[in-house]
Amino acid sequence: MATVSLKGIKKIYDNKVTAVHDFNLEIADKEFIVLVGPSGCGKSTTLRMVAGLEDISEGDLLIDGVRMNDVEPKDRDIAMVFQSYALYPHMTVYENMAFSLKLRKMPKDEIDKRVREAAEILDITQYLERKPKALSGGQRQRVAIGRAIVREPKVFLMDEPLSNLDAKLRNQMRAEIIKLRQRIDTTFIYVTHDQTEAMTLGDRIVIMKDGFIQQIGTPQEVFEHPANLFVAGFIGMPQMNFFDAKLTRTGEGYTVSVGQAVIPVSDEIAKKLSAANVGTMDVVAGIRPEHILLKDQGTDVITGTVDVSEMMGSEIHLHVNANGKDVVLRVPTADLEQGQRGGFAYGSTLKFTFRNDLVHLFNPETEENLI
């Protein structure tokens, strides 16, 4: 299939606005790469430059080692699936899927074979004679994917293909794309603003903000070792809690002070801080909602008051006001006493600490992760 190489890619519009800055990425053959970030971060622009729908202002795009900057979109051997489906309303599903192959003057029996194979993979064989208006949103999206599959492209581009679907359908289609990827075995570049899609689909994730790459890594790497405050806050649901804190070095050990609470960090984190020669300093301490523990007493306890208690079945999400900040806790109901399993009353006092081996520490000036 295909490797894709983006080297120093930049997009500068006529009004001198730079949408993408110095984008560098090596995509391996058959890899599934997800570009993720908030609206306006440059992810769709990057995808459109790979597709040839946007000119590249600076840098080089290579597919299988061949420079593609000036190659027409139709000659790049790529297929793109859009958010809007972009189906021809007057054609049947079969005709929509066969259209690009007819333009290539492919033999009829080969077209038929490819269309029926793609329809089988996507479970839309029964809809081949219908027009798009007779289909649901999920079915239309499958047709749009099928139209791309039949071309057997080197690279598959997907631009927020699930964002028009409701939550249940989105989950279902996400699973379909995972299965599809295993069956057609090609190189995928997928754009989304939904971090759940990014985490479940991608071999690697490229997190973007304001046209800059913030971090590239596997879903596990970006979740467990976020490069900076932006990545830490963007990846994870509910998002990571941040505390204004003081990091104090005592010999080879370190403690983190949040308000009156003093929490010694784990030996492993202390070693990393020591190796990076980090001294006593103000920090932003980040802790995920699932890594906060209820605790009644001790020098490492933070006190807060409950604002909202959300019963989610197997766990309770608590919004707690502590030191003037909204802190979110995810507490498994199985860990609670019987009387607390229904939730916590508004305004009740709650005491908690956090796991000292899973705390993230950020430099408040540079916002970089210190560990």
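Rules of the game
Residues numbered from 1 in each chain as written. Predicted model: local features only at pLDDT ≥ 70, side-chain atom pairs only at ≥ 80, totals over all residues. Heavy atoms only, no water. Phe/Tyr/Trp six-rings, centres within 6.5 Å; stacked < 30°, edge-to-face > 60°. Helix = DSSP H or I, 4+ residues; strand = E, 2+ residues; numbered from the N terminus. Buried < 20%, exposed > 50% of the residue type's maximum accessible area, 1.4 Å probe, protein only. Pairing = 2+ DSSP bridges. Salt bridge = Lys/Arg side-chain N within 4 Å of Asp/Glu carboxyl O. Axes fitted to C-alpha atoms, helices over the stretch in contact; angles between N-to-C directions. Contact = heavy atoms within 4.5 Å. Polar contact = N/O pair within 3.5 Å; in protein donor to acceptor, adjacent residues only side chain to side chain. Core = buried A, V, L, I, M, F, W, Y, C linked by side-chain atoms within 4.5 Å. 1 Å grid on protein atoms, 1.4 Å probe; cavity = no way out; pocket = protein on both sides within 12 Å on 5 of 7 lines; lining within 4 Å. Points joined across faces, edges and corners; volume = space filled by probe spheres on them. Parallel < 35°, antiparallel > 145°, perpendicular 65-115°, else oblique. Left-handed = near helix turned anticlockwise from the far one by under 90°.

(A) View of the packing of aromatic side chains. Applying the stated criterion across every chain yields a total of seven aromatic pairs. Relative to Phe188, the ring of Phe156 lies with its centre 4.9 Å away and its plane at 10°, an arrangement referred to as stacked. With Phe156 in strand 7 (residues 155-159) and Phe188 in strand 8 (residues 187-192), this pair connects stretches of sequence that are 32 residues apart. Its relative accessible area of 0% is what places Phe188 among the buried residues. Between Phe230 and Phe234 the ring centres are 5.6 Å apart and the planes differ by 20°, which places this aromatic pair in the stacked class.

(B) Layout of the pairing of strand 14 (residues 281-287). Burial within strand 14 is extensive, with five of its seven residues counted as buried. Pairing between strand 14 and strand 20 (residues 360-362): three bridges, direction antiparallel. Residue pairing in the sheet places Val284 in a bridge with Phe362 of strand 20.

(C) Layout of the pattern of salt bridges. This model, assessed by the stated rule, comprises 24 salt bridges. Across the pair Glu152 and Arg114 runs a salt bridge whose closest N-O atoms are separated by 3.5 Å. Highlighted residues: Glu152 in the loop between helix 4 (137-149) and strand 7 and Arg114 in helix 3 (residues 108-122), separated in sequence by 38 residues. Judged by its relative accessible area of 13%, Arg114 falls in the buried class. Salt-bridge contacts for Asp194 lead to Arg170; the nearest nitrogen and oxygen are separated by 3.9 Å. In this pair, Asp194 sits in the loop between strand 8 and helix 6 (195-201) while Arg170 sits in helix 5 (residues 167-184), placing the two residues 24 residues apart along the sequence.

(D) Seen up close, the sheet that holds strand 14. Taken in spatial order, the five strands line up as 13-12-11-14-20 in an open sheet, and their pairing is antiparallel. Strands at the two margins of the open sheet, each flanked by one partner only, are strand 13 (261-264) and strand 20. Within the sheet, the average angular offset between the axes of one strand and its neighbour, ignoring direction, is 40°. Here strand 12 (residues 253-258) runs beside strand 13; their pairing, made up of four bridges, is antiparallel. In the sheet register, Ser257 faces strand 13, and the bridge partner there is Val262. Contacts from helix 9 (residues 267-275) reach strand 11 (241-250), strand 12 and strand 20, with the element oriented near 105° to strand 12.

(E) Fine view of the side chain of Asp300. Tracing the sequence through the fold places Asp300 in the loop between strand 15 (292-294) and strand 16 (302-311). On the basis of relative accessibility, which here comes to 14%, the residue Asp300 falls in the buried class. There is a polar contact of 2.9 Å between the side chain of Asp300 and the side chain of Lys295. Among all residues touching Asp300, those that are not within four sequence positions of it are Ala261, Val262, Ile263, Lys295, Phe352 and Thr353.

(F) Summary view of helix 1 (residues 43-51). Extensive coverage of helix 1 is indicated by the burial of seven of its nine residues. Every buried residue of helix 1 is listed here: Lys43, Thr45, Thr46, Leu47, Met49, Val50 and Ala51. Two residues or fewer past helix 1, Gly52 is found with a positive phi of approximately 90°.

(G) Geometry of the nonpolar core. Counting residues in each nonpolar core, the largest one holds 47 residues, and the members touching the most others are Met97, Ile145 and Phe156. Look past the residues within four positions of Phe156 in its chain and what remains in contact with it is Ala79, Val81, Ile145, Ala148, Ile149, Ile184, Thr186, Thr187, Phe188 and Ile189. Membership of the second largest hydrophobic core comes to 34 residues, among which are Val306, Leu329, Val331 and Leu361.

(H) Quick look at helix 2 (residues 93-103). Buried within helix 2 are the following residues: Val93, Tyr94, Asn96, Met97, Ala98, Ser100 and Leu101. In this fold, the buried residues of helix 2 make contact with helix 3 and helix 4. With its phi angle positive at about 60°, Lys105 sits one or two positions after the end of helix 2.

(I) Spatial organisation of the layout of surface pockets. There is about 530 Å³ of room inside the largest pocket. Secondary-structure elements contributing two or more residues to the lining of the largest pocket are strand 6 (78-81), helix 2 and helix 4.

(J) Main features of the packing of helix 4 against helix 5. Here helix 4 crosses helix 5 at 20°, and the two axes come no closer than 11 Å. What the angle tells us is that helix 4 and helix 5 run roughly parallel. Between helix 4 and helix 5 lies a crossing of right-handed hand. Across the interface between the two elements, Gly138, Gln141, Arg142, Ile145 and Ile149 from helix 4 touch Leu169, Gln172, Met173, Glu176, Leu180 and Ile184 from helix 5.

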